[in-house]
Amino acid sequence: MIQNDSDKIEQFVHLESRDYPILISRNWSYLFQHIDGNKKRKIVMITDDNLKRIYQTAWCNKRHNLYTYIIQSGENSKKLSVIESIYLFLKDNSIDRSDLIISFGGGVVGDIAGYVASTYLRGICLIHVPTSLLAMVDSSIGGKCGVDFAGIKNIIGNIYHPEMVFINPALLDSLPEEELKNGMAEVIVHCIIRNRWLFDFINNHLEQVLQKENDCINLILYMNCKIKARIVEEDQYEKGIRKILNFGHTIGHGIEAESGFLLSHGQCVSIGIMGAFIIARKMNLLENEADLMTVQTLLTGVGLPIQYQALEPEKILEKMGYDKKRCRNRYHFILPHRIGSVGIYEIADEKIILDTLKELKQL
Ligand SMILES: NC(=O)c1ccc[n+]([C@@H]2O[C@H](COP(=O)([O-])OP(=O)(O)OC[C@H]3O[C@@H](n4cnc5c(N)ncnc54)[C@H](O)[C@@H]3O)[C@@H](O)[C@H]2O)c1
């Protein structure tokens, strides 16, 4: 169901147990209306030090029963010690099950806040207010949350859905350019797995998209959330089809780990997308080889890398071995048939992956 008012776009994630809205609007009052429906509850706002000022400007003075917890920005905060500090903060402020946690931030804040909300008192209400493009189109939808542990990303976590996702596209105005590009990598992943039309739209309006022109951004946000929501509805616990959201991530995670996290997640996914297309071509899965060049042109146009000079194929393969996408000595890959359609494959032959990594170095 879609409702379109003049200044809001609303859609829903339909779960077996309940539905929740994803509301896109530049008008904060839609969020306040939702929160004010229950004036008694305390609100715990979790945000990071980059976003503190933005959030205060947007709405801090509008509420009195607000408790703010600020984490340091960056992946390094996704750890159990930070979770523990937040638990203490909740206990010291007598937060109970009738209260509400709001995440105001990118994927890091969202993953932390979601994990806290899912575990404290066995679960308290949660609203995501994503502020990065990646969080708006991806991490705030679908319930995955958690932290890194023993050097492994997202190894401790949960699936816990919010009561609402509120997306204010105006927040993208302050988002650093590099972070916008990172988010675009996930946007392109969604297009390749499910929507050729949107891929072509972005290709044809790239300048407006990168300039964050309102109509283009609204369309991208709406359609990407829809792609993610439909996949989550089909397979909430990633037993099957939800795996396709990992398109580009198998090689991407290998490069991310091998680069010592010097390259951003979006940059690694971008290289991983090219890797997936090359493997698909080698396995004769690609219906139209021209798609590879089309994707390469868009990634480059966005300003994302398509190869990594310092890439050492054997070491990346080794790192991929630690990744959860490898199982029973087979590598799990999501491979394209064409832009807009992918499939799930297991590859036992390491040579095909090594050859691809070598080819990636020469792109
Ligand atoms: N739960 C999921 O389904 C899921 C999916 C994908 C990624 N993730 C996780 O998301 C994280 C990455 O998220 P991210 O890319 O948003 O990174 P992030 O949360 O670290 O945000 C990137 C940077 O941008 C800043 N920022 C965010 N919004 C801003 C704004 N509006 N204005 C100014 N600065 C802003 C942040 O302070 C941070 O410095 C990773 O930890 C990843 O594992 C989770």
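Residues numbered from 1 in each chain as written. Predicted model: local features only at pLDDT ≥ 70, side-chain atom pairs only at ≥ 80, totals over all residues. Heavy atoms only, no water.

Describe the overall build of the protein, with residues and values.
Across its full length, the protein carries 14 helices and 13 strands. Intrachain contacts of the protein at a sequence separation of at least 6 include 71% that bridge at least 24 residues. Of the roughly 15,700 Å² of accessible surface on the protein, a fraction of 49% belongs to carbon and sulfur atoms. Here the protein carries 41 positive and 44 negative side-chain charges, and the mean point of each set is 4 Å from the other. (Helix = DSSP H or I, 4+ residues; strand = E, 2+ residues; numbered from the N terminus. Contact = heavy atoms within 4.5 Å. Areas by Shrake-Rupley, 256 points an atom, 1.4 Å probe, with all protein chains shown as cover. Lys, Arg positive; Asp, Glu negative; His and termini not counted. Charge placed at Lys NZ, Arg CZ, Asp CG, Glu CD.)

Now, about the pattern of salt bridges: what can you tell me, with residues and values included?
Applying the stated criterion to the full structure yields 22 salt bridges. Of the charged contacts in the structure, one is a salt bridge between Asp-92 and Lys-91, with a shortest N-O distance of 3.2 Å. Residue Asp-92 is classed as exposed on the basis of its relative accessible area of 53%. Among the salt bridges present, the one from Lys-153 reaches Glu-256, with a minimum N-O distance of 3.8 Å. Residue Lys-153 is located in strand S9 (residues 152–159), and its partner Glu-256 is located in helix H10 (residues 249–258); the two are separated by 103 residues in the primary sequence. (Salt bridge = Lys/Arg side-chain N within 4 Å of Asp/Glu carboxyl O. Buried < 20%, exposed > 50% of the residue type's maximum accessible area, 1.4 Å probe, protein only.)

Can you tell me about the packing of helix H3 (residues 80–92) against helix H4 (residues 107–119), naming the residues and giving the values?
Their axes nearest at 10 Å, the elements H3 and H4 cross at an angle of 55°. The angle between the axes of H3 and H4 places the two elements in the oblique class. Viewed along their axes, H3 and H4 form a crossing whose handedness is right-handed. Residues Val-82, Ile-83, Ile-86, Tyr-87 and Leu-90 of H3 pack against Ile-112, Tyr-115, Val-116 and Thr-119 of H4. Here the contact of H3 with H4 is composed, by residue class, of eight nonpolar, one polar and no charged. (Axes fitted to C-alpha atoms, helices over the stretch in contact; angles between N-to-C directions. Parallel < 35°, antiparallel > 145°, perpendicular 65-115°, else oblique. Left-handed = near helix turned anticlockwise from the far one by under 90°. Nonpolar A, V, L, I, M, F, W, Y, C, P; charged D, E, K, R; others polar.)

Quick one: what's the story with the pairing of strand S7 (residues 125–130), residue by residue and with numbers?
Taken across its six residues, S7 has five buried, putting it largely inside the fold. When strand S6 (residues 100–105) meets S7, the two strands line up parallel, connected through six bridges. Counted as the bridge partner of Gly-105 is Pro-130 from S7. As for the winding sense of the linkage, the β-α-β connection from S6 through H4 to S7 is right-handed. As defined by bridge partners, S7 adjoins strand S10 (residues 164–167) across two bridges and the pair is classed as parallel. Bridged to Ile-127 within S10 is Met-164. (Pairing = 2+ DSSP bridges. Right-handed = clockwise from strand over helix to strand, strands pointing away.)

Can you explain the site of the ligand? Please cite residues and give values.
What surrounds the ligand is a group of 25 residues, the closest being Asp-48, Glu-75, Gly-107, Ser-132 and Ser-174. Here Lys-153 contributes a side-chain N or O atom positioned 3.4 Å from an oxygen atom of the ligand. At 3.3 Å from an oxygen atom of the ligand is found a side-chain nitrogen or oxygen belonging to Asn-154. The fraction of the free accessible surface of the ligand (860 Å²) that becomes covered by protein chains is 87%. Listed by contribution, the elements that provide at least two residues to the shell around the ligand are H4, helix H5 (133–139) and S9. By residue class, the composition of the shell around the ligand is seven nonpolar, nine polar and nine charged. (Near = heavy atom within 4 Å. Polar contact = N/O pair within 3.5 Å; in protein donor to acceptor, adjacent residues only side chain to side chain.)

Could you give an account of the packing of aromatic side chains, naming the residues involved and the relevant values?
Counted according to the given criterion, the structure contains seven aromatic pairs. Their ring planes at 50° and their centres at 5.5 Å tell us that Tyr-55 and Phe-104 sit as a pair that is tilted. Here the residue Tyr-55 occupies a position in helix H2 (residues 52–59), and Phe-104 occupies one in strand S6, the gap between them amounting to 49 residues. Accessibility expressed as a relative area gives 0% for Phe-104, which makes it buried. Among the aromatic side chains, those forming a connected cluster through ring pairs are Trp-28, Tyr-55, Phe-104 and Phe-166. (Phe/Tyr/Trp six-rings, centres within 6.5 Å; stacked < 30°, edge-to-face > 60°.)

Give me the packing of helix H11 (residues 265–282) against helix H12 (residues 290–302): which residues, what numbers.
Viewed as axis vectors pointing N to C, H11 and H12 meet at an angle of 175°, and their least axial separation amounts to 10 Å. Accordingly, the angle class assigned to the pair H11 and H12 is roughly antiparallel. On H12, the residues that touch Ser-270, Ile-273, Met-274, Phe-277, Ile-278 and Arg-281 of H11 are Asp-291, Leu-292, Val-295, Gln-296 and Leu-299. Here the residues of the contact of H11 with H12 are counted per class, giving seven nonpolar, two polar and two charged.

Explain the side chain of Gln-267 to me, and be specific about the residues and the numbers.
With respect to the helices and strands, Gln-267 occurs in helix H11. Polar side-chain contacts of Gln-267 include one of 2.9 Å to the backbone nitrogen of Ser-264. Contacts of Gln-267, omitting those with residues within four sequence positions, involve Glu-178, Asn-182, Leu-304 and Pro-305.

With reference to specific residues and values, describe the nonpolar core.
Residues Ile-202, Phe-247 and Ile-273 are the most contacted members of the largest nonpolar core, which totals 102 residues. Look past the residues within four positions of Ile-202 in its chain and what remains in contact with it is Met-184, Val-187, Cys-191, Ile-220 and Leu-298. With 23 residues, the next largest nonpolar core counts Tyr-69, Ile-71, Val-108 and Tyr-115 among its residues. (Core = buried A, V, L, I, M, F, W, Y, C linked by side-chain atoms within 4.5 Å.)

Give me the lowdown on the pairing of strand S12 (residues 330–338), citing residues and values where you can.
In the case of a regular strand, side chains alternate between the two sheet surfaces. When you tally the buried positions in S12, you get seven out of nine residues, the bulk of the element. Summarising the sheet, S12 and strand S13 (residues 341–347) pair through seven bridges and their orientation is antiparallel. Residue pairing across strands places Leu-335 opposite Gly-343, the latter belonging to S13. Taken together, S12 and the strand that follows it, S13, pair antiparallel across an intervening segment of two residues, in which Gly-340 is found at a positive phi of about 110°.

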